[in-house]
Amino acid sequence: MNGAHDVIVVGGGASGMMAAAVAARRGKRVLLLEKNARLGEKLSISGGGRCNITNAEFDTRAFLARYGAAADFLHSAFAQFGVQDTFDFFEDLGLPLKVEAGKRAFPASERATDVVRALIEALRAGRAEVRTGTAVGQIIAKDGRIETIIAGGTEYRAASYVFSTGGVSHPETGSTGDGFGWLRELGHAVAEPTPTIVPLATKETWGRELSGVSIDGVKIAFEREAFPGEKPKRFSREGRVLFTHFGISGPTVLNAAGKVADLLHEGAVSARIDLYPALDAGHLDREITGRFDANKNKSARNALKEFLPPGTPQVFLKLAGLDPEKKAHSVTRDERRALANLLKSLPLTIAGLMGFERAVVADGGVPLVEIDMRTMRSKKTGNLFVTGDLLNIERPSGGYSLQLCWTTGYVAGSAV
């Protein structure tokens, strides 16, 4: 039996490291248990390895509005630790942040591993004990309190426990939903997780030729097939789209995935991408005509090289039925108009959502009504605190998920 701790934090991800560091800073004897060989496995690959730490929206009400129905539950937590506090916390650890498009904040170094390193330094400064490669196998509770946890064949006991095991996105990093099972055993209702902020798979294979190409400022419209006697259901988003070998991704697609999933439950879903939403079809046709006229002896591909998004002319010309090597002066009016129409309405068929292995965020978890959101304390188990992705909160991409981890981790670390 190991009982020389005030607090045991289970899970060494973003919210777990934050909770442990804050509690240790307060002088608590903290033990952090992580089943992986290293802390912060998922954090180290977040944001494509750059780590979108938060969103630089400093108006708390505007920030919380992005969490939908959960917003009303989060005001107290964000009053304790909000976006400015996140900037201050990491900059005090020697990790300056920078802000990019969409107010997305990243470490200035653009390395997610630097975020993990800063948190590990905070744990060391507070003298928190860390045990990696130590998976929790059993939670023993009695009379509404956790008495003991068993990990790696050893029993551990503390006054308070923090569950920060994450959800089920990127299971290869150890996020396999262990905490959901323990919370159910302790009497919590746990909503089944589904991948929500996730790329979309498409049936078309030509997208593979554009894999890795990212296009800003497009409009993508999703539509569910119409059944007899009803109008089709549709919605649209504007922003950046990334083509992948399996379909489409990027912030605009990721944040639309949940709504696309709802449409897919009802029937087949198609998408159309308008690459030039600021131009109508006539204006776009005139732009293309001007490019061809100015480059009459060049191939169609080269004539449009500076007009079409980088990496796309060959593919888009073929899709429009136009030989990319055809001389610009030989392109017919019908061919030109076919290209303009394609660029205004590039068709895709949505095959489905990619799974948990590609999800940026998966929803599911404990309903907020079962947590005292002023402290993150469970209303079912008196000495348990719950943080991060174990809480059932829908959120968009763009820094909102990690900010939840920093906020809930800080609040729990301050309350244990």
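Remember, it's a predicted structure, so these values are computed and weren't measured experimentally. (Residues numbered from 1 in each chain as written. Predicted model: local features only at pLDDT ≥ 70, side-chain atom pairs only at ≥ 80, totals over all residues. Heavy atoms only, no water.)

Novice: Which residues make up the overall build of the chain, and what are the values?
Specialist: If you tally the helices and strands in the chain, you get twelve helices and 20 strands. Dimensions of the chain, computed from the C-alpha atoms along their principal axes, are close to 85 × 55 × 40 Å. Across the chain, the fraction of contacts at a sequence separation of at least 24, relative to all contacts at a separation of at least 6, is 72%. A total of about 17,800 Å² of accessible surface is found on the chain, and carbon and sulfur atoms cover 47% of it. The distance from the centre of the 52 positive side-chain charges to the centre of the 47 negative ones in the chain is 2 Å. (Helix = DSSP H or I, 4+ residues; strand = E, 2+ residues; numbered from the N terminus. Contact = heavy atoms within 4.5 Å. Areas by Shrake-Rupley, 256 points an atom, 1.4 Å probe, with all protein chains shown as cover. Lys, Arg positive; Asp, Glu negative; His and termini not counted. Charge placed at Lys NZ, Arg CZ, Asp CG, Glu CD.)

Novice: Please set out the packing of helix H3 (residues 71–80) against helix H12 (residues 400–415) residue by residue, giving values where relevant.
Specialist: Between H3 and H12, the least distance of the axes is 9 Å, while the angle of their chain directions is 75°. With respect to H12, the axis of H3 lies roughly perpendicular. Here H3 contributes Leu-74, Ala-77, Phe-78 and Gln-80 to the contact with H12, which in turn contributes Gln-403, Leu-404, Thr-407, Tyr-410 and Val-411. A class-by-class count of the residues in the contact of H3 with H12 yields six nonpolar, three polar and no charged. (Axes fitted to C-alpha atoms, helices over the stretch in contact; angles between N-to-C directions. Parallel < 35°, antiparallel > 145°, perpendicular 65-115°, else oblique. Nonpolar A, V, L, I, M, F, W, Y, C, P; charged D, E, K, R; others polar.)

Novice: Got a sec to walk through the nonpolar core? Specific residues and values, please.
Specialist: Within the largest apolar cluster, 80 residues are counted, with the highest numbers of intra-cluster contacts made by Leu-43, Tyr-67, Ile-149, Phe-163 and Trp-406. Sorting elements by how many residues they give to this core places helix H1 (residues 14–25) first, with nine residues. In this structure, Leu-43 is in contact with Ala-14, Met-17, Cys-51, Ala-112, Val-115, Val-116, Leu-119, Leu-402 and Trp-406, ignoring residues within four places of it in sequence. One finds Ile-215, Phe-246, Leu-308 and Leu-346 within the second-largest nonpolar core, a separate group that totals 49 residues. (Core = buried A, V, L, I, M, F, W, Y, C linked by side-chain atoms within 4.5 Å. Buried < 20%, exposed > 50% of the residue type's maximum accessible area, 1.4 Å probe, protein only.)

Novice: Describe the packing of helix H8 (residues 281–294) against helix H11 (residues 333–344), and please don't skip the residues or the numbers.
Specialist: Taken N-terminus to C-terminus, the directions of H8 and H11 make an angle of 125°; their axes are 9 Å apart at the nearest point. The angle between the axes of H8 and H11 places the two elements in the oblique class. The two elements H8 and H11 meet at a crossing, and its hand is right-handed. Taken together, the residues of H11 that come into contact with H8 (itself represented by Ala-281, Leu-284, Asp-285, Ile-288, Thr-289 and Phe-292) are Arg-336, Arg-337, Leu-339, Ala-340, Leu-343 and Lys-344. (Left-handed = near helix turned anticlockwise from the far one by under 90°.)

Novice: Lay out the pattern of salt bridges with the relevant residues and their values.
Specialist: Applying the stated rule across the entire model yields 20 salt bridges. Where Arg-50 meets Glu-110, a salt bridge forms, and the shortest distance between an N and an O atom there is 3.5 Å. In this pair, Arg-50 is assigned in the loop between strand E2 (30–33) and strand E3 (54–55) and Glu-110 in the loop between strand E5 (104–107) and helix H5 (112–125), connecting sequence segments 60 residues apart. When the shortest N-O distance is used, the salt bridge between Glu-110 and Lys-98 registers 2.2 Å. Taken together, the positions of Glu-110 in the loop between E5 and H5 and Lys-98 in strand E4 (residues 97–99) put the pair twelve residues apart, joining distant regions of the chain. Salt bridges sharing partners connect three or more residues here, namely Arg-50, Lys-98, Glu-100 and Glu-110. (Salt bridge = Lys/Arg side-chain N within 4 Å of Asp/Glu carboxyl O.)

Novice: Describe the confidence of the model for the chain, listing the residues and the values that go with them.
Specialist: Confidence in the prediction for the chain averages 89 pLDDT; 93% of positions are at 70 or higher. Here residues 168–176 scores under 50 on pLDDT; set against residues more than four positions off or in separate chains, the count is 36 contacts. (pLDDT = per-residue confidence, 0-100.)

Novice: Tell me about the pairing of strand E13 (residues 233–243), and please be specific about residues and values.
Specialist: Residues in a regular strand project their side chains so that they alternate between the two faces of the sheet. Bridge analysis of strand E12 (residues 214–224) against E13 gives nine bridges, and the strand direction is antiparallel. Pairing of Ser-214 across the sheet is with Leu-242, part of E13. Looking at chain direction, E13 and strand E14 (residues 247–249) are connected through two bridges and run antiparallel. Note that in E14 the partner of Phe-243 across the bridge is Ile-248. Hairpin geometry of E13 and E14 is characterised by an intervening segment of three residues between the two adjacent antiparallel strands. (Pairing = 2+ DSSP bridges.)

Novice: How would you explain helix H4 (residues 83–92) if you had to name every residue and give the values?
Specialist: Listed in full, the buried residues belonging to H4 are Val-83, Thr-86, Phe-87, Phe-89 and Phe-90. In an axial view of H4, the angular spread of the buried residues amounts to 165°, which keeps them on one side of the axis. One or two positions beyond H4, positive phi appears at Gly-94, with a value near 85°. (Arc of directions from axis to C-beta.)

Novice: Account for the environment of Arg-240, with residues named and values stated.
Specialist: Relative to the helices and strands, Arg-240 is located in strand E13. Taking the relative accessible area as the measure of exposure, Arg-240 reaches 24% and is therefore partly exposed. Put simply, Arg-240 and Gly-217 are 23 residues apart on the chain and 5.8 Å apart in space, counted from C-alpha to C-alpha. Leaving out residues up to four positions away in the same chain, Arg-240 has contacts with Arg-104, Ser-214, Ile-215, Asp-216, Ser-249, Gly-250, Pro-251, Thr-252 and Val-253. A polar contact is formed between the side chain of Arg-240 and the side chain of Ser-214, at a distance of 3.3 Å. (Polar contact = N/O pair within 3.5 Å; in protein donor to acceptor, adjacent residues only side chain to side chain.)

Novice: Help me get a handle on the sheet that holds E5, residues and values and all.
Specialist: Strand order in the open sheet formed by three strands is E3-E5-E4, and the pairing between neighbours is antiparallel. The open sheet has two edge strands with one neighbour each: E3 and E4. Strand direction decides the pairing type here: E3 and E5, joined by two bridges, are antiparallel. Opposite Thr-54, over in E5, you have Ala-105 as the bridge partner.

Novice: Summarise unusual backbone geometry; cite the residues concerned and give the values.
Specialist: Here Arg-127, not a glycine, exhibits a phi torsion of approximately 60°, which is positive. As for its position among the elements, Arg-127 is in the loop between H5 and strand E6 (129–131). You will see that Met-376, though not glycine, has its phi angle at about 70°, which is positive. With respect to the helices and strands, the residue Met-376 is situated in the loop between strand E18 (371–372) and strand E19 (377–378). In this structure Met-376 comes out as buried when scored by relative accessible area, which is 0%.

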